[in-house]
Structure formats: structure tokens, C-alpha cells
Amino acid sequence: MGGAPVTAAPSAATVPPITEDPAPAGRGRRPRLGGRFAGGASSRWFPYALVFPLALILFGYVVQPMFATFAESVGVDGVANYTEFLRGEGVARSSLLTSLGISAASVLLCGIVGVAMAFLLKRFQFPGRRLIEAIILVPAALPPLIGAISFQLLYSETGILPRGLQQLFGTESPVLPFTGIAGVLVVHTFTMYPFFYLAASAALAGMDPSVEEAAYNLGAGRVRVWRTVLLPMLTPALVSASLLVFMTSLASYTAPLLFGVDRTMTMQIYINRTNGDLPMASTYASVLAVVSILFLLAMRWYEGRRSYRSQSKGIAAHRREITNPFGKWAALAASILATVVLLAPVGTIALVAFSADGSWTTEVIPSAYTGQNFVTIFSDPRAFQPILNSLQMSLIATVGCVVVGVLIAYAVRRLDFRGRALLDVAVMLAWALPGTVVAINLISAFSTGNVFSFGQVLIGTFWIMPLAYFVRFLPLVFRSSSATLAQIDPSLEEAARNLGASWWRAFGTVTLRLMVPGVAAGALLAFVNGVGEFVASVLIYTSQTAPISVEINNRMYSFEVGTAAAYGMLQVVLIFVVMVISGRLQSGRSASREAAKWTA
Amino acid sequence: MIDVTLESVSKRFARTGDTAAVDDVDISIAAGEFFTLLGPSGCGKTTTLRMVAGFYFPTSGRIRFGTEDVTRRPPNKRDTGMVFQNYALFPHMSVAQNVAYGLKIRRVGRAESRRRVEEALGQVHLAGYGERRIDQLSGGQQQRVALARALVIRPRTLLLDEPLSNLDAKLREETRTEIRRIQKESGNTAIYVTHDQAEAMAMSDRIAVMESGRVQQIGAPQEIYHRPANAFVARFIGRSNVLSLPVTAVTDETVTVGLPDGAETAVAAPVGHGLRAGEAALVSVRPEHIGLTSTTEPGALPGRITELEFTGMATNLVVDVAGEPVQVAAIDVPAGIAVGDQIGLRLNRERMWVVHP
């Protein structure tokens, strides 16, 4: 995969540029050759010249490491590692089944919550609706580790809610604690229902209300309209959301880590890696990669099919006012509850961030408060190092993502060349691979030097970290660039060319200039995700390169919960600052939303 | 003097496989001429224009500007001024910046540039609009900015790709007069693409009618209207009845055909028509060249009215003549006629014309 453009390039170079000789008498050979190169984008070799380095990067850092992992998995024991998956009693088999089971349950739960939320918020008018719409994505916006920690602090055996209820009812043990798989499912539901919510509300918004009215007009009752019109029209949105949630759950690592569910694919990768069994870790990674790729292909196949977007524009779906008094009070109560539930994770992190380390043992909420955690982080150079690391590594990765992502988006959207679909798939492959798999792939590929690391061993160095972030978040910049590019009329660039601009000048002064808001939104998203990255980092960091999330994890292990939450709070603040900036980037908005949909 | 020449130009796209989007097109356009490529959508007219602009290169054939071969010259080295169908104005630039873009690339000095931008905006009646943003302009104004942007660089050739198709009907007529005026004033050669035959008739010095990637006929508007080369042109330009009639005698310039009532008439035919007695000839006769009369008048073709539609200026009828529907557009209609009536048709034989299939 991704190899075709590489091999296609030389053959393109051998295509003679002109077969006839169009030069009028008196014109030498040299000026024509010069003209040929000045021709830039017009010549046949141009797309390949642009695409070749891009294809090489994708091959070197996404595709080739994947093969390296596979080689690693069969290197020592042949296929013996894989037969583990077929054995009835083995850890491998039960991990795979547990992962699949958790994913399926997550799809179901997220589907119910997400679709219900979309219907309530898009079809009904009730007090508090606007507020809920504004904060509905907050839990999902948290970085993966700090998000999972906040749910652990809220709902686990030692969590605020079960202990609060215990105190309230005076029972022996915490009430309604979520542990193990149930805990994982709570985290998944809260962080992944937005896939369904966004898909369903977009489908509802894009649906022409007159279609529904036509069904009523033809005599259908409410249930029948639901069954025969609304649900079928939502189906494409729900199917793609299901695939997304399934993939994301499969890749989920922090939730099983925090709730101690060891028998999942991602946890087994981590455990085998830390036990030094790289071949077995590679085997899990390969199996997970194959499953993820299958889902990626299923999604692309499904996306290509028709969706039921109505053609008529500008008709807003009418919202139904809740009129009966009981319903009104119930709606208000539900709104308040929803607001509390949605804000609770962030609130918990903020609260705990100000708690003194070691002061919170059996109380419902921490008992002693202090600002010392933040003072420590900013005054102790060793405590501040993870923040510097994260900012530095994310910045480097983001710059790489922007350069490569924008050019790939341009190539895929605007240029005509063989292997275009492969290039597109290769980028999305980087997105489909779980963070743990990306990390294992890079370990397999760069624990010895190869061409793509210029002969250097990258494992154990600083550079493996930004490289992992680059691979993981390149698709975000690609997606937002590509979405922006889709909104820019190709004839703008042609107009610039027609007025005498060279390809580079037309690209720079028109296309790139117009892409800025969308690209910036994607870049910010990549940067924020880099600062919050945990899943891949935890497998490849060294003590010098530990990023914020790894530091949070280490602090949690040494029971410095307050300091851990303070780091988390800083991540959260950064995210909200970036969200505000993104919102300001006028046309970048839709692009960033497009990209956000793809945030794993 | 010939300004733009297309010599056996063909264009095949990889996507469409074997079918040529443009198939062996030969056109030469004189300096200062307003030349229109006219045809239904998908006929290859825009592809042809884009090859002249340099956005596509021909699969085979040559394109010359004057004596220079520009077949594979990139678009930015061609010095053409193009007006795009959707105007393609740069949304991040003001009106003046849009118009000045080409001048900046040509390194025109600032004072000179400002003067020329003002002049171009004045030419399209937008003086004083320089500081506006593009989204503050109406569709018609945007169209004129696009025209000013193309004119200001004083291109050797002006290329217009359906520039009026996004305007409403009234504005369309005003603007086409305006474009024609500006083109005459500036003395530019203009190549204009449209699917609207009225627009083509009103504006052009010459028209190339295209269909399925091929040029069907090139000629002045009157020539194309009155002497269509083939059945497609006859039907596409205005409306026309193309009747298949038996040939009884031929000369170099006429063909004598038998009419449904048995009468015979000599019809003008293109030189080299190649028809022989006993074959069938296609004869074009336009609806407005058929008069209504009584069935008893000598020489009248008898028929039965199957459709009748009053449009104000004229009445459109479809008359069934021996099983063949004939369209008639009559200004004088006998009082009280109705669908089902028998009626006589009087063909204006001067205006009939033999066309190729």
C-alpha cells in the first residue's frame, strides 16, 4: 500500500514531454527546455514530482512500520503467536473477544444516548436547551487520559458519586460503583456518544421537514412516520457513526487501563511490551491493525454510497414546544441533570487540582485545598519539564503535519495522477491505526536504523515522540485541509494562472491563502491532541521525553492525585483556549468540525 | 490577420476512455473577431476554450496564436484574459485588488496600475467600487469585475466561458450588449462559449456550432440560421422542420423534391450536396416560413391541426401533414381555427434549404 505512487514516479519521468516538435524556426532547444520546467503544474510529471516525496513519507512512517511489526510478530516463532488467537482458553482469544464485545456494547450505548440527545435537542424546545447544546461536546473534548481519570474519580468504587450515595443512604459500601468493564463502558459512552450525536443531528438538520410532513399528509401516524421515514433516512448517518464508535472503542486504551480490564487487545499490547515480549505485542498489534483496516475499508465503502441529504436549503426543522406542565418541569429537571453530568468531569478535575496531595482518602470529596500543585508545576524545573516536552514535541509534529497534510490534501483533491486513491487510503490508515499500534509499529521499524530514519536508531531518542504524534495527527490536518479545499472553487486558481501567475504563485496567493483558516483549525486540533497524547507516548517515552499525560499517569501511581489533576487542568485550559480561537477562525469552523468528527 | 488557430485539435480524457470530448476541430479566428462556440452541454465547447486558455493540453493537434505554436504552453504564459462562468473572483481580495492581480504579476508600477484599474472599472461602470469586498456585490456587478480583471491586462485574446449564465434574463440582455460594446472598443479578439443560441446570434461575428465534440458548422449568424449545414444545426438554431422528401432532379445548387401533395419544387442546396434523383433529401423549413391558408388554395399542403398555442406575438401550431408533424409559427391566423381543423400550409420556397443528415 502506498507503494504504487513510488513505483509510478519513475515511469512518469520516462514519458517524453512532447512527441511533436512545436518549436518555430529560430528557437533553440534550451529555451524550450526552460519553458518546460517553468510549465510546472501543467506538465505531466508535475503531480508525480509533488506526490513522490509525500508517498515516500507515508510509506516510510505509516506503511513500512506496519510491515515491520508483522515481520517482528512472525520473526521468532513463525505463526505460533497467531495460533494463540485460535486456542479456546488463551489470553489472546479472550482479549480479542472482550475487545470486540466492549466495542459492540459501546456502539449500542452511544447510539442510544447520542440519537436520543440529537432528537431532544433538535426537535424539541425546552428551557436549558441552548446551554446543553453548547456544552454537549465537553466530556469528549477532554484528553483521553484526563477524561478517563475524571470518570474514575467520579464513578468508580472510590469515586465521588458512589461514596456520596453511600454517605447519603448510610450503607456499608459505595452505591452503584462502576468497575471493570462497566466502568470502561461508562467512559466510552460519555466520550464517544458525540459521534452519534453529531451524525444524527447533521442528518436531522439536513432533512427537509416537508418530507416528514408529506408522510403525515398522506395519512401516516407518528409511529409509522418514525418507522418508515425518519429512521430509514437516518440510517446512513447511524451506520457510519457505528463504525466510528466501534473502531474508536477497539483502539481505546486509557479506559481499560484505569478500570483494570487487562484482557483487551490494547492492554495486551502494553503488557507484552512492558514485559519485553515484543513479538507477542507485535502479534496483537498486527491483529488489531488488520481489524482496524477492515473497518476503515468498510467505512470508505459505505461513505461512497448515497446519503439522504435533501436538496432544498434554508428550511429549518421546526422544534416542538413542550406544553404540558408536568412535561415542562420534567424537562427542566432533566436539563439541569444533563448540565451537571456534562460538566461534572471538568468540574471534578478542577476541584481535585486544588486538593492537597495525599489529603483525599475516604472522604466523598477532598478535604484540604491548596494552590501548591500549580506552584510546584511552574516552579520545580523537573515538574515543568513534561510541559515543555509536550509543547515542543507537539509543535514539531504539528509543523510536519501542516506541511505534509496540506500538500497531500492538495494532491488528492486537485491533481490527477495514478495512485491517488492509494495516497488517500494511506493517510486514513494513519488515522485508523490505534495509538498503541502506531507506537508498536514505530518500535518495530526504528529500533534499528533504516533508510527512513537516516540510519539512526530512533527508539529511546527524543525524535520518536514527535514522529509518533506526526503519524497520529497527520490525518486531522489532512481532513480539515481537504474539507477547506473542497469549498474553494478550483477556477480561482485557474483564474490566477490565466492572469499570468505561475503555479507556485497561484497556489500561494490564492489557494493556500484561502486555506489558511481551515488549515489553522486542523493544526490547532493536531497541536491540542499532541499535548494530550498518552496512548502512544506511554509505550515509547524515555525519562527525558515524558509528556504531560505520562507524567499525570506516573503521579496517579504515586498517589499524587492533586498534582496529576493540576497537570490535567492545564491541558483542559489549553483545549478551551484553542476551541475559542478555532471558533474565531471564521470559515475554519466547518473544517475543524469536520476534522473533529475524525478525532479518535 | 489570423489571431487564433486550432488545427485538428482533439482531446480525450483518461476518464471517458475512447470517446473524444473534442474531436478533430479546425478553427481559425481573425484578430478583433467576436467568435462564439455554441452547442448543447457536453458538446466540447468549454473543453475547447480551456485548451485555448491552456488548462488542458490537446491529445493531438496544434493551437497557434498568430504564428506561434502555443499547444503546450502553460496557461500563465498565454496572455489570455478569461472570464469564468462563476466569475472566480478572489474572495480574500477587494475589487481593486482582484483587478490589479494580473498587473501585479506583470510588475506594472503602482501608479500605472492604479490608473489602469480605475480605467477598467470605469469601462464596466464600476468606478468607485474598488474598495468593496466581493461579497458586497450583486451577481451582475461581480460579473463586471471579472470582465474588468480580464480586460485590464490587455490580453491578446479575451476568453468568456458562459459568463452570463448566472444572471437573470433581463440583466443577461443588458450585459451581452455591454460585453459586445467593450470588446469592440478594446479591439480584442474574443472567444465566447454559450449554449444560448439567441445570445450567440446577437453577439457574434461568427459562430461555431458544436455537437459531440465536433464542429458542425462555422459561419456568420445569418448564414447559420438560413443555411444550416445539417439537420442538427437546423434544429438546434431556432426551431426547424426537417422534412425527408424524395429527390426528382438535381443541379449543382438546387435539388428538386416532391411534396406530400405530389407537387414538385426546387430547393436551394449547398454546393457538393452529392444527392441524386431517387434518393431522399432532408429539407429544412422554419416554422415562421410557413403560412396558413385554406385547403382549397392551389399549391397548399393540406393538414390537420393537432396542437395550437397562442403566445402573444405568434401562434404556434403543429400540423399533421400525411403523418408528419410540421411546426408552424404564424402571425396572422384565420379567425376561429381550432385543434382538429383541416388547414392548408403554404411553404416559403425561397427559404427552404437542403441539409446534410
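Chain B carries the name ABC transporter ATP-binding protein in an unreviewed UniProt entry, which gives Micromonospora radicis as its organism.

**Details of the overall build of chain A**
Secondary structure summary: chain A contains 27 helices and two strands in total. Counting all 600 residues of chain A, 53% fall into the buried class. The long-range fraction of contacts in chain A, counting pairs at least 24 apart against all pairs at least 6 apart in sequence, stands at 75%. Of the roughly 26,300 Å² that chain A leaves accessible, carbon and sulfur atoms contribute 65%.

**With respect to the domain arrangement of chain B**
All names here are of chain B. Along its sequence, chain B is carved into domain 1 (4-231) and domain 2 (232-354). Just the C-alpha atoms count here: the centres of domain 1 and domain 2 sit 38 Å apart. Contacts between domain 1 and domain 2 engage 19 residues on the former and 16 residues on the latter. Together domain 1 and domain 2 conceal approximately 1,500 Å² of surface at their shared face, both sides included; 64% is due to carbon and sulfur atoms. Summed over the three residues of domain 1 that lose the most area to domain 2, namely Tyr225, Arg227 and Ala231, the buried surface amounts to 43% of that side. The tally of links between domain 1 and domain 2 comes to zero salt bridges. The tally of links between domain 1 and domain 2 comes to 10 residue pairs in polar contact (both at pLDDT 80 or more). Within the residue set of the side of domain 1 that touches domain 2, elements represented by two or more residues are helix 6 (197-203), strand 9 (206-211), strand 10 (214-219) and helix 7 (221-226).

**Details of the interface of chain A and chain B**
The interface is formed by 30 residues belonging to chain A together with 31 residues belonging to chain B. Between chain A and chain B, roughly 2,600 Å² of surface is buried when both sides are summed, and carbon and sulfur atoms account for 54% of that area. Sorting the residues of chain A by area buried against chain B places Glu494, Asn498 and Leu499 of chain A first, and these three jointly supply 27% of that buried surface. The interface formed by chain A and chain B contains one salt bridge. For the salt bridge of Glu494 of chain A with Arg50 of chain B, the shortest nitrogen-to-oxygen distance reads 2.4 Å. Between chain A and chain B we count 10 residue pairs in polar contact (both at pLDDT 80 or more) in total. For the side of chain A that touches chain B, the secondary structure elements donating two or more residues are helix 2 (29-38), helix 22 (490-498) and helix 23 (503-532) of chain A. At seven residues, helix 22 of chain A tops the list of elements feeding residues into the side of chain A that touches chain B.

**Some details on the packing of helix 18 (residues 381-414) of chain A against helix 21 (residues 464-487) of chain A**
All names here are of chain A. Their axes nearest at 6 Å, the elements helix 18 and helix 21 cross at an angle of 40°. What the angle tells us is that helix 18 and helix 21 run oblique. Here helix 18 and helix 21 pass one another in a crossing that is right-handed. Taken together, the residues that form the contact of helix 18 with helix 21 break down as 21 nonpolar, five polar and two charged.

**Digging into the packing of aromatic side chains**
Counted under the stated rule, the structure contains 25 aromatic pairs over all chains. Summarising the aromatic geometry, the rings of Tyr61 of chain A and Phe446 of chain A are spaced 5.9 Å apart at their centres and angled 35° between planes, so their arrangement reads as tilted. Here Tyr61 of chain A, found in helix 3 (residues 46-75), pairs with Phe446 of chain A, found in helix 20 (residues 435-446); they are 385 residues apart in sequence, far enough to count as distant. Each member of the pair, Tyr61 of chain A as well as Phe446 of chain A, carries the same accessibility label: buried. Between Phe34 of chain B and Tyr192 of chain B the ring centres are 5.4 Å apart and the planes differ by 40°, which places this aromatic pair in the tilted class. Placement of Phe34 of chain B in strand 3 (residues 34-38) and of Tyr192 of chain B in strand 8 (residues 189-194) is noted, with a sequence separation of 158 residues between them. The pair formed by Phe34 of chain B and Tyr192 of chain B is uniform in burial state, with each residue classed as buried. Directly above the aromatic system of Tyr225 of chain B lies the positively charged group of Arg286 of chain B, at a separation of 3.9 Å from the ring centroid.

**Digging into the pattern of salt bridges**
All names here are of chain B. Summed over all chains, the structure comprises 26 salt bridges over all chains. One salt bridge connects Glu174 with Lys170, and the closest N-O pair in it is separated by 3.2 Å. Of this pair, Glu174 and Lys170 both sit in helix 5 (residues 169-186), four residues apart, which is roughly one turn of that helix. The exposed category is assigned to Lys170, whose relative accessible area is 61%. With a closest N to O distance of 3.8 Å, Arg346 and Glu297 form a salt bridge. Pair noted here: Arg346 is in strand 19 (residues 342-347) and Glu297 is in the loop between strand 15 (290-293) and strand 16 (301-310), with a separation of 49 residues, a long-range link. Arg346 sits in the partly exposed class, given a relative accessible area of 41%. Here the salt bridges share partners, and the residues they tie into one network are Glu112, Arg115, Arg116, Glu119 and Arg154.

**Focus on a nonpolar patch on the surface**
A cluster of nonpolar side chains, contributed by Leu351, Phe354, Ile365 and Tyr369 of chain A, occupies part of the molecular surface with about 340 Å² of accessible area. As for its position among the elements, Tyr369 of chain A is in the loop between helix 16 (325-353) and helix 17 (372-379).

**Some points on the sheet that holds strand 9 of chain B**
Within a sheet, neighbouring strands are paired by backbone hydrogen bonds and run either parallel or antiparallel to one another. All names here are of chain B. Strand order in the open sheet formed by six strands is 6-7-8-3-9-10, and the pairing between neighbours is mixed. Across the chains shown, the open sheet's two edge strands, defined by having one partner strand only, are strand 6 (80-83) and strand 10. For this sheet, the mean inter-axis angle between neighbouring strands, taken without regard to orientation, is 15°. Of the pairings in the sheet, the one linking strand 7 (residues 157-161) to strand 8 comprises five bridges and is parallel in character. Along strand 8, the bridge assignment pairs Leu159 with Ile191. Packing of helix 4 (residues 139-152) onto the sheet brings it into contact with strand 6 and strand 7, and relative to strand 6 it is tilted by some 175°.

**A look at empty space enclosed by the protein**
Counted under the stated rule, the structure contains five cavities of 30 Å³ or more. Roughly 60 Å³ of volume is contained in the largest cavity. Mapped by element, the contributors of at least two residues to the lining of the largest cavity are helix 7 and strand 14 (280-285) of chain B. Considered class by class, the residues forming the lining of the largest cavity number four nonpolar, three polar and two charged. When its volume is computed, the second largest cavity comes out at roughly 50 Å³. Ser99, Ile102, Val184, His188, Ser249, Leu250, Ser252, Pro256, Thr264 and Thr266 of chain A are the residues that line the second largest cavity.

How each quantity is defined
Residues numbered from 1 in each chain as written. Chains lettered and ligands numbered in written order. Predicted model: local features only at pLDDT ≥ 70, side-chain atom pairs only at ≥ 80, totals over all residues. Heavy atoms only, no water. Helix = DSSP H or I, 4+ residues; strand = E, 2+ residues; numbered from the N terminus. Buried < 20%, exposed > 50% of the residue type's maximum accessible area, 1.4 Å probe, protein only. Contact = heavy atoms within 4.5 Å. Areas by Shrake-Rupley, 256 points an atom, 1.4 Å probe, with all protein chains shown as cover. Domains from an automatic or database assignment. Buried area = accessible area lost by both parts, 1.4 Å probe. Salt bridge = Lys/Arg side-chain N within 4 Å of Asp/Glu carboxyl O. Polar contact = N/O pair within 3.5 Å; in protein donor to acceptor, adjacent residues only side chain to side chain. Axes fitted to C-alpha atoms, helices over the stretch in contact; angles between N-to-C directions. Parallel < 35°, antiparallel > 145°, perpendicular 65-115°, else oblique. Left-handed = near helix turned anticlockwise from the far one by under 90°. Nonpolar A, V, L, I, M, F, W, Y, C, P; charged D, E, K, R; others polar. Phe/Tyr/Trp six-rings, centres within 6.5 Å; stacked < 30°, edge-to-face > 60°. Lys NZ or Arg CZ within 6 Å of the ring centre and 35° of its normal. Patch = residues over 30% accessible without salt bridge, like charges linked within 9 Å, V, L, I, M, F, W, Y side chains within 5 Å. Pairing = 2+ DSSP bridges. 1 Å grid on protein atoms, 1.4 Å probe; cavity = no way out; pocket = protein on both sides within 12 Å on 5 of 7 lines; lining within 4 Å. Points joined across faces, edges and corners; volume = space filled by probe spheres on them.

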